[in-house]
Amino acid sequence: MPLSEELKARITAEFPKYPERRAVLLTALHFVQEECGGWVSPDVVPEIAELLGILPIDVEEVVSFYPMYHSDPVGRFHVQVCTNISCCIRGARGVVRRLEENLDVLSGEVTGDGLFSIGEVECLGSCGTAPVVMVNNERFVENVSADDVPALVERLRARAAAGGTNGSNGQAGGR
Amino acid sequence: MTERSGFKKPVKVVIDGREIVAEAGEMLLQVALDNGVEIPHYCYHPKLSIDGSCRMCQVKIEKAPKLAISCNTPVADGMVVDTKAGEVVEARKAVMELLLLNHPLDCPICDQAGECYLQDYSFGHGRSEARTTSPRRKGVKRYPIGPRVVFDQERCILCRRCVRFTHEISKTDELRVFGAGDRSRIATSQDRPLDNPYSINVADVCPVGALLSADFHHKRRVWFLEETETVCPTCSNGCNVKIGAFRNRIERLVPRRNDEVNDTWMCDHGRLNYAFVQDDTRLREPAIAGREPREPVPVAGPIDYTRDSDGREVRAAGPSVDEAIAAAAASLRAAVATYGENSVAVVLTPTLTNEETLLLARLVREELKTPHFALAVPLGLSDDFLIKPEKVANARGARDLGVGPGDGGKDLAGILAACASGEIKVLWVVGSDGLVAAAGLDAVEPAVANLEALLLQDTNRSALTDRATVLVPGCTWAEKDGSMTNHAGRVQRIRPALRPPAGLVADGEVFARLASALRGEATAPFEPRTAFAEVAKAVPSYVGLEWARLGSRGLAAGQGA
């Protein structure tokens, strides 16, 4: 699946904002994930690299570094649980476990219907409302306990049934 | 890397109370190392860019607010440095503890054991007990990260020397650090393994046992290796290497530093090109056509193979080296007597030392007096780094010593044509592999078919071995002492790492004995050191070069003055 001309144009339009082309990589990867199913497939890596004048392995290295980029497919709702220290102390592990039970997949996997995936991420910067969950790039779901998980999943299922999109900045059905 | 050309302002620094003069811009760690002050370090490598990631080389600098990494601190005038201060010692302990947190400590089965910086620095700078009870991180082990390199992720300390090597030296960029935090790991792009002509150098730069040469993997404990400083024989670059041998077999070659030749690198092809010294293609027994082959004489050991069970001496049936030399001399003499000097030709593949080559050249000019004397130089692929097109070690030396056609002499193609036409009756080939590679078997076959005698001096079996009238097995570079001249005119020592197969002598000694057989009078036995003095006189640009001054890194032609 090659990058669309529109996507390439969108990336190219970022060039003047940065001192050098390789600096556009982070933005470009966000764009790619928005428009290509939420992940950076190996097929598009060489194209991104060529556009930015870097090597494919440079792109892969950056994708692997940040939890926000995915080198494997994610679900339509990628449910990310912060598992850094504050969230862990306040029960983030339990949240992950409950998600795994509820969705019948392990952290890092995608459900068979492609609707959900679970991820553990580094600090989301909201220690005051730990544990924190972020669905896709949407607003945080805060003070989550394991017992909140079934309701969260149901809200997301309802959105999907209602034809809810994988919109990047919508409301995830937080409290 | 410090740029040493041009004038640099001298600065005075004090390291551990010792005043040292350095050049402005030099890094503190390198200045310390150059002056014999040991500062432990992992990520710093003199031939790679500075990474500053391992934190092992921290030192205390007076008036600085905190410890500084010496690898990335330029020296400044008046700088006062303490490499042994209490906080430095504590910092090193902390770094060692961090590096060992996830290290598997599988030293008993690790190839790096014995030459491992983790071991050495644990011994010198670590703490004696572990404080962690958490399980260690697991990672891939014995993973073929490339065709010639094995990767053990658990042992990696993420110094990134290998990443920098593939970016800056091999310029192939196969390796990067993937992931973040304690999930960081060295990896390749999915379908691009670590495969470049210099890939095994990552095993040398790796300070721990994370990247290993597949060829040497689990082969021998390094402390059993006898190491000999010599020069790689695979092309004319003459990369400086160490042979690691065990029980008279080569177990590995590793590069050693010579900034004039190979920095600290060597190519994979050269590194792995040693099997011929000890494999089944090696010629160990002389042969004379029509004579019974000699029974192989086993190496003397606890059992005396030279005597049978009744204690009687066992006589080998085949010819000795001296008998083969005598047969060769008779053949050469007969051809000259019957057909004249022009009926004899000599072809040399220049794998010999300068000293041996000098003896051969004299023999050809003064005893045989034939002008038909040619070099056979096999050519191959080259690059703009270390790999040179001439696939023999001493072509330059042979040319410097005047090997080539004399007045009215034929070149290689001319000699082969004259052999085929019957004009040349006796061909003496020193190193047939080069001849076949340089001229092609199609040209060599008809040439040797029409000879009265093919005299072959060779280390390994080739397409010509069975055609030889007389075969004199020679010694490989690993068994010889002498000098060779690389493509750029640097005269370097090779040193014997192995004993030659029983009964064989160096090619130089073969020439000495052949000269005395031809002359009918005894000549001095071949002695590399004295022969080098003759070499230094024979080549104008070598004048003044001395054997003892060649040292371990050699001298450039013209440096003799």
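Just so it is clear, the model here is predicted, and its values are computed rather than measured. (Residues numbered from 1 in each chain as written. Chains lettered and ligands numbered in written order. Predicted model: local features only at pLDDT ≥ 70, side-chain atom pairs only at ≥ 80, totals over all residues. Heavy atoms only, no water.)

**Points about the overall build of chain A**
Within chain A one finds seven helices and three strands. Taking 16 Å as the expected radius of gyration for a compact globule of 175 residues, we find that chain A reaches 17 Å, a close match to that expectation. When the backbone C-alpha atoms are referred to their principal axes, chain A occupies close to 50 × 35 × 25 Å. Sequence-distant contacts in chain A: of pairs separated by 6 or more residues, those separated by 24 or more amount to 64%. Counting every atom, chain A has about 8700 Å² of accessible surface; 52% of that belongs to carbon and sulfur. If you average the places of the 15 positive and of the 25 negative side-chain charges in chain A, the two averages end up 8 Å apart. (Helix = DSSP H or I, 4+ residues; strand = E, 2+ residues; numbered from the N terminus. Rg over C-alpha atoms; globule rule 2.2 N^0.38 Å. Contact = heavy atoms within 4.5 Å. Areas by Shrake-Rupley, 256 points an atom, 1.4 Å probe, with all protein chains shown as cover. Lys, Arg positive; Asp, Glu negative; His and termini not counted. Charge placed at Lys NZ, Arg CZ, Asp CG, Glu CD.)

**Some words on the pattern of salt bridges**
Residue and element names in this part refer to chain B. Counted by the stated rule, this structure contains 51 salt bridges over all chains. The salt bridge partner of D268 is R148, with a shortest N-O separation of 2.7 Å. In this pair, D268 is assigned in helix α6 (residues 268-272) and R148 in the loop between β6 (143-146) and β7 (149-151), connecting sequence segments 120 residues apart. Ionic pairing is found between R271 and D204, a salt bridge with its closest N-O pair at 2.6 Å. Of the two residues, R271 sits in helix α6 while D204 sits in helix α5 (residues 201-205), which places them 67 residues apart along the sequence. The structure contains a network of salt bridges with shared partners spanning D106, K141, D152, E154 and R155. (Salt bridge = Lys/Arg side-chain N within 4 Å of Asp/Glu carboxyl O.)

**Remarks on the interface of chain B and chain A**
At the junction of the two partners, chain B supplies 13 residues and chain A supplies eight residues. Interface area, chain B with chain A, both sides summed: about 850 Å², of which 52% is carbon and sulfur. The interface formed by chain B and chain A contains three salt bridges. Connecting chain B to chain A are four residue pairs in polar contact (both at pLDDT 80 or more). If you list the elements that add at least two residues to the side of chain B that touches chain A, you get β8 (175-178) and β9 (185-188) of chain B. Among the elements that take part in the side of chain B that touches chain A, β8 of chain B stands out by supplying four residues, more than any other. (Buried area = accessible area lost by both parts, 1.4 Å probe. Polar contact = N/O pair within 3.5 Å; in protein donor to acceptor, adjacent residues only side chain to side chain.)

**With respect to unusual backbone geometry**
Across the junction of A130 of chain A and P131 of chain A, the peptide omega takes the value -10 degrees, indicating a cis bond. Within the secondary structure, P131 of chain A is located in the loop between β2 (116-121) and β3 (133-135). The residue K63 of chain B is not glycine, and still its phi comes out positive at about 75 degrees. On the secondary structure map, K63 of chain B appears in the loop between β3 (58-61) and β4 (68-69). Taking relative accessible area as the criterion, K63 of chain B reaches 83% and is therefore assigned exposed. In this structure, L105 of chain B takes a positive phi of about 55 degrees despite not being glycine. Looking at the element boundaries, L105 of chain B is found in the loop between α2 (86-100) and α3 (117-125). (Buried < 20%, exposed > 50% of the residue type's maximum accessible area, 1.4 Å probe, protein only.)

**Focus: the side chain of S117 of chain A**
Residue placement: S117 of chain A occurs in strand β2. Every residue in contact with S117 of chain A, bar those within four places of it in the chain, is listed here: V74, G75, F77, H78, V79, E109 and V110 of chain A.

**Quick look at the nonpolar core**
All names here are of chain B. Y42 and I250 are the most contacted members of the largest nonpolar core, which has 56 residues in total. At the level of secondary structure, the elements contributing two or more residues to this core comprise α2, α3, β7, α4 (161-169), β8, α5, β12 (240-246) and β13 (249-255). Here this core takes four residues from α4, the largest share from any one element. Those residues in contact with I250 that sit more than four places away from it in its chain are I243, G244, A245, Y274, V277, Q278, W477, A478 and L498. The next biggest cluster of nonpolar side chains, apart from the first, holds 38 residues, and it includes L348, F373, A395 and V426. (Core = buried A, V, L, I, M, F, W, Y, C linked by side-chain atoms within 4.5 Å.)

**Observations regarding the side chain of Q80 of chain A**
Residue and element names in this part refer to chain A. Position of Q80 relative to the elements: it lies in strand β1 (residues 77-82). The buried category is assigned to Q80, whose relative accessible area is 4%. Here N136 takes part through its backbone oxygen, which lies 3.0 Å from a polar atom of the side chain of Q80. In contact with Q80, not counting residues within four places along its chain, are G119, V121, V132, V133, M134, V135 and N136.

**Re the packing of helix α2 (residues 25-35) of chain A against helix α4 (residues 56-65) of chain A**
Residues and elements named next belong to chain A. Remark: α2 packs on α4, axes separated minimally by 11 Å, with the N-to-C direction vectors making an angle of 75 degrees. When the interaxial angle is binned, α2 and α4 end up roughly perpendicular. Taking contact as the criterion, the partners of L25, L26 and L29 in α2 are, on α4, D58, V59, V62 and V63. A class-by-class count of the residues in the contact of α2 with α4 yields six nonpolar, no polar and one charged. (Axes fitted to C-alpha atoms, helices over the stretch in contact; angles between N-to-C directions. Parallel < 35°, antiparallel > 145°, perpendicular 65-115°, else oblique. Nonpolar A, V, L, I, M, F, W, Y, C, P; charged D, E, K, R; others polar.)

**Looking at the sheet that holds strand β22 (residues 555-556) of chain B**
All names here are of chain B. Sheet architecture is open: three strands sit in the order β20-β21-β22, paired in antiparallel fashion. At either end of the open sheet lies a strand with only one pairing partner, and these are β20 (482-485) and β22. Inspection of the sheet shows β20 paired to strand β21 (residues 490-494) by four bridges, in the antiparallel sense. Considered in β21, the bridge of T485 is made with V491. Against the sheet, helix α8 (residues 354-368) engages β20 and β21, with an angle of about 85 degrees to β20. (Pairing = 2+ DSSP bridges.)

**Some details on the domain arrangement of chain B**
Residue and element names in this part refer to chain B. Under the domain assignment, chain B is made up of domain 1 (10-97), domain 2 (104-277) and domain 3 (287-294 + 314-528). Centre-to-centre separation of domain 1 and domain 2, based on C-alpha positions: 25 Å. Facing the 19 residues of domain 1 at the interface are 24 residues of domain 2. Where domain 1 abuts domain 2, roughly 1900 Å² becomes buried across the two surfaces, and 54% of that area is made up of carbon and sulfur atoms. A per-residue breakdown of the area domain 1 buries against domain 2 is headed by Y42, K47 and L48, which together make up 36% of the total. Between domain 1 and domain 2 we count six salt bridges in total. Notably, a salt bridge pairs E97 with R127, separated by 3.7 Å at the nearest N-O pair. At the boundary of domain 1 with domain 2, the tally comes to eleven residue pairs in polar contact (both at pLDDT 80 or more). Within the side of domain 1 that touches domain 2, the residues separate by chemical class into nine nonpolar, four polar and six charged. (Domains from an automatic or database assignment.)

**Some words on the packing of aromatic side chains**
Applying the stated rule across the entire model yields twelve aromatic pairs over all chains. Feature note: the residues F65, Y66 and Y69 of chain A constitute an aromatic cluster, connected by ring pairs. For the cation-ring pair, R10 of chain A lies above F31 of chain A, with the distance from its terminal atom to the ring centre recorded as 3.8 Å. The ring centre of Y339 of chain B lies 4.8 Å from the NZ or CZ of K425 of chain B, which sits over that ring. (Phe/Tyr/Trp six-rings, centres within 6.5 Å; stacked < 30°, edge-to-face > 60°. Lys NZ or Arg CZ within 6 Å of the ring centre and 35° of its normal.)

**Overview of the packing of α8 of chain B against helix α14 (residues 528-538) of chain B**
Residue and element names in this part refer to chain B. It is at 8 Å that the axes of α8 and α14 come closest, and there the two elements cross at 70 degrees. When the axes of α8 and α14 are compared, the pair comes out roughly perpendicular. Our pair here, α8 against α14, has a crossing hand that is left-handed. Counted together, N354, E355, L358 and R362 of α8 and P528, A531, F532, E534, V535 and A538 of α14 form the full contact between these two elements. A per-class count over the contact of α8 with α14 returns six nonpolar, one polar and three charged. (Left-handed = near helix turned anticlockwise from the far one by under 90°.)

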